[in-house]
Amino acid sequence: MKKKNNGFIYCSKILGTGSYLPEKKLTNVDLERIVDTNDQWIVERTGIRSRRMAAPGEYTSDLALAAAKQALSQAQISAQDLDMIILATVSPDQVMPNTACVLQKKLGARDIMAVDVSAACTGFVYAFSIADQFVRTGVYKNILVVGAEVLHQYVNYKDRETCILFGDAAGAVVLGRADENDASEVMSVHLHADGEISDLFVLPAGGSALPFSQEVLDQELQYVKMKGREIFKHAVRTMANSCEEALQHNNMTAEQISWVVPHQANLRIIEAVAKHCSIPMEKVVVEIEEMGNTSAATVPVALDKAVRDGRIQRGQNIILTAFGAGITSGSVLLTY
Ligand code: UT7
């Protein structure tokens, strides 16, 4: 029998969710005009038909703000009630200050802790786990967790392997304290990283190892570089392992799970993970078709869409799972 609270003082639960997709769509047909690709190839190999692009002057913090407002409204709390902001991103407004502080200002929140988490596409799951710990220990009560990206700035639209995948979006969750008799609770979090294979997906320039220079621009090192086929294999393995680890830890079977909300990187990756874990695709939230891979934003956006259209209901057991550059990976098992 699972012990409520896992030995901590409190238990956490999701109080509200929100999401935001920029208006501008970049369709496969649009990409056909830019690179040597075609709609059929992209749909068959990835499941993506279009992705969104932030407008000029629309920053990661703006996308985060729109998603955060929705999550706060659904949680029925104001920005003033927040005790902490954690923002997962690999495309911050700028390196310094962190985007969480920019969001804090835009939200009009109090002088609470505001921090960015960098774990690529696993960023939201990592950020969520940090929030969960602060709630469990009783240090904080209401925490805003956001995954937000403006990835199109880091994509080389001459590289057909990457430019077909990535898009811009933000998703948010307010995590709060569950009452003692509350059915909703976060049951477990499992996180991993394997730096040995960190070269599979990189953004080479812009850090202290390779600051911007004319050479960087000439060699186009300001854009993401990816070993797609290799990542594919690790994506399936790590997300499937994370789901199984969560089920085992909670002494549960796949039948007891109502929904899996996986990182939306490629439909074929999602299908392979589901098959590996014996979870029918009817129980998997898939939102990749119209948004592509939005890194740290995919899990909270997919979660929010499924909550708002009624697929996900209170009391259901849900697994969130993600993998990303690092290679990072992880899962959250919760009763919504
Ligand atoms: O969040 C983590 C970020 N990264 C990922 O999740 C990426 C994971 N990997 C993938 O999603 C897939 O590996 C890709 C979508 C990137 C590529 O799909 P694939 O089925 O693994 O294709 P492939 O690399 O095996 O390439 C098959 C063929 C190649 O041509 P040849 O050598 O067989 O003649 C490629 O050059 O498809 C070609 N190709 C394309 N053709 C049309 C590669 N990209 C494209 C393209 N359009 N955009």
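Please refer to the structure higher up on the page.
Just so you know, these numbers come straight off a predicted model, no measurement behind them.

So what's going on with the pattern of salt bridges? Residues and values would help.
Within this structure, the stated rule accounts for 13 salt bridges. Among the salt bridges present, the one from Arg33 reaches Asp30, with a minimum N-O distance of 3.2 Å. Arg311 is the partner of Asp309 in a salt bridge, and the nearest nitrogen-oxygen pair spans 2.8 Å. Residue classification places Asp309 among the partly exposed residues on the basis of a relative accessible area of 46%. Taking the relative accessible area as the measure of exposure, Arg311 reaches 23% and is therefore partly exposed.

I'd like a description of the environment of Trp41, backed by residues and values.
Structurally, the position occupied by Trp41 is in helix H2 (residues 39-46). The class of Trp41 is partly exposed, set by a relative accessible area of 39%. Between the alpha carbons of Trp41 and Asn28 there is a distance of 9.5 Å; along the sequence they are 13 residues apart.

Which residues make up the pairing of strand E13 (residues 328-335), and what values do they have?
Of all eight residues in E13, eight are buried, a share of seventy percent or more. In this structure, strand E8 (residues 185-193) lies alongside E13, joined through eight bridges in antiparallel fashion. Opposite Glu185, over in E13, you have Thr335 as the bridge partner. With eight bridges connecting them, strand E12 (residues 317-324) and E13 associate as antiparallel partners. In the sheet register, Ala322 faces E13, and the bridge partner there is Gly330.

Quick notes on the rules
Residues numbered from 1 in each chain as written. Predicted model: local features only at pLDDT ≥ 70, side-chain atom pairs only at ≥ 80, totals over all residues. Heavy atoms only, no water. Salt bridge = Lys/Arg side-chain N within 4 Å of Asp/Glu carboxyl O. Buried < 20%, exposed > 50% of the residue type's maximum accessible area, 1.4 Å probe, protein only. Helix = DSSP H or I, 4+ residues; strand = E, 2+ residues; numbered from the N terminus. Pairing = 2+ DSSP bridges.

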